[in-house]
Amino acid sequence: MEVAAVVPAAGSGERLGAGRPKALVEVAGVAMVTRAVDGLLGSGVVDEVIVVAPPEHLEEMAKAVPTAGRVVPGGHDRVASVALGLAEVPGADVVLVHDAARCLCPAGVVSAVVAAVRAGHAAVVPAIPVADTVRRAVDGGRVELVDRTGLLAVQTPQGFDVDVLRRAHAAAGDHRATDDAGLVEAIGGEVVTVPGDPRAFKITTPLDLAMAEALVRAL
Ligand code: C5P
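In this report, the structure presented in the accompanying data block is examined. (Residues numbered from 1 in each chain as written. Predicted model: local features only at pLDDT ≥ 70, side-chain atom pairs only at ≥ 80, totals over all residues. Heavy atoms only, no water.)

Attention now goes to empty space enclosed by the protein. Applying the stated criterion across every chain, the model contains one cavity of 30 Å³ or more. Its boundaries defined by the atoms lining it, the largest cavity holds a volume of some 40 Å³. Taken together, Arg35, Ala36, Gly39, Leu40, His98, Arg102, Cys103, Cys105 and Val110 form the lining of the largest cavity. With four residues, the top contributor of residues to the lining of the largest cavity is helix H1 (residues 32-42). (1 Å grid on protein atoms, 1.4 Å probe; cavity = no way out; pocket = protein on both sides within 12 Å on 5 of 7 lines; lining within 4 Å. Points joined across faces, edges and corners; volume = space filled by probe spheres on them. Helix = DSSP H or I, 4+ residues; strand = E, 2+ residues; numbered from the N terminus.)

Rendered as C-alpha cells:
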C-alpha cells in the first residue's frame, strides 16, 4: 500500500506578517515546510511527499524541501492547492493532507492516522478536546453558550482512501470546506478521529510562532 502526503503550502501567510510565504518562515532556524516534510518522512509510514507551493516561490520552496518528491504550484485557495497535489500521486492508495503550518506534529499522530486508514476508515482526522468554554457570536455583540460536550478541535495530517478523497474533490465545485474531511462529509462520507496532539497546533500568528520556537527549544 503506497502512502503519499500532500502538503498545501501555497498560502501567503498574511496573518503571520512575515512578508513571505508562511511555509518558508523559520521556526528556530528551520523552515516550517522543511520541518513538516521531515516529520512526515521521519514517521516511517509515508512513502512520498508532494509540496504545493506559491507559484512565484517554487524554486525557494524546492530548496527548502530537498527530501520531498516534488514541489508543484498551488491554486487560488487551499482546496484548489490540495487538488493540484492530489493529481501528482496517481499510484497512491492512501493520501495524507498535512498543513505545513502544523510543522511540529509528532510522528505518532502521523502513524495513527495511517493505521486507521489502513484499517478500513476512508477519512481520518486527528482531534483533541476543546479546552476553552466556547460561545457563538449572534448579533449586536451578544453571545450564546455552545455545549462543549463532545466538541473537538481538528488537526492535520488528515488521512484518506485515495479514491474517496478524489471523489470528494471532484464534487467540491464551489464548496469551500476548511479541511479535506469536510469535503468527504459533503459527499456523505464518514469521518473518524484518532487522538491528536497539542504539538500539532497550527502556526498562524506571531504568538503561535513564538510558542513553536519555545517548544522546539524545550524539547
Ligand atoms: O491560511 P491557512 O493557514 O488556513 O491555510 C491553511 C493551509 O493551506 C496553509 O498550509 C496554506 O499554505 C495552504 N494554502 C494553500 N493554497 C492556498 C491557500 C492556502 O496551499 N491558495
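Here the narrative resumes.
Bringing helix H4 (residues 107-118) into the picture now. Over its 12 residues, H4 runs 17 Å from end to end, which matches the ideal 16 Å to within 8%, given 1.5 Å per residue. Considered for burial, the residues of H4 that qualify are Val109, Val110, Val113, Val114, Ala116 and Val117. All buried residues of H4 fall inside an arc of 160° around its axis, so they share one side. Where H4 is buried, its residues meet strand S1 (3-8), H1, strand S6 (94-97), strand S7 (123-129), strand S11 (158-161) and strand S12 (192-195). Looking at the residues trailing H4, positive phi occurs at Gly120, about 115°. (Expected span 1.5 Å × (residues − 1). Buried < 20%, exposed > 50% of the residue type's maximum accessible area, 1.4 Å probe, protein only. Arc of directions from axis to C-beta. Contact = heavy atoms within 4.5 Å.)

Burial along S6 is two-sided: Val94 and Leu96 and Val95 and Val97, pointing in opposite directions, are all buried. Looking at chain direction, S1 and S6 are connected through four bridges and run parallel. Bridged to Ala4 within S6 is Val95. Where S6 meets S11, four bridges bridge the pair, whose relative direction is antiparallel. Each residue of the ladder has a partner; that of Val94, found in S11, is Asp161. (Pairing = 2+ DSSP bridges.)

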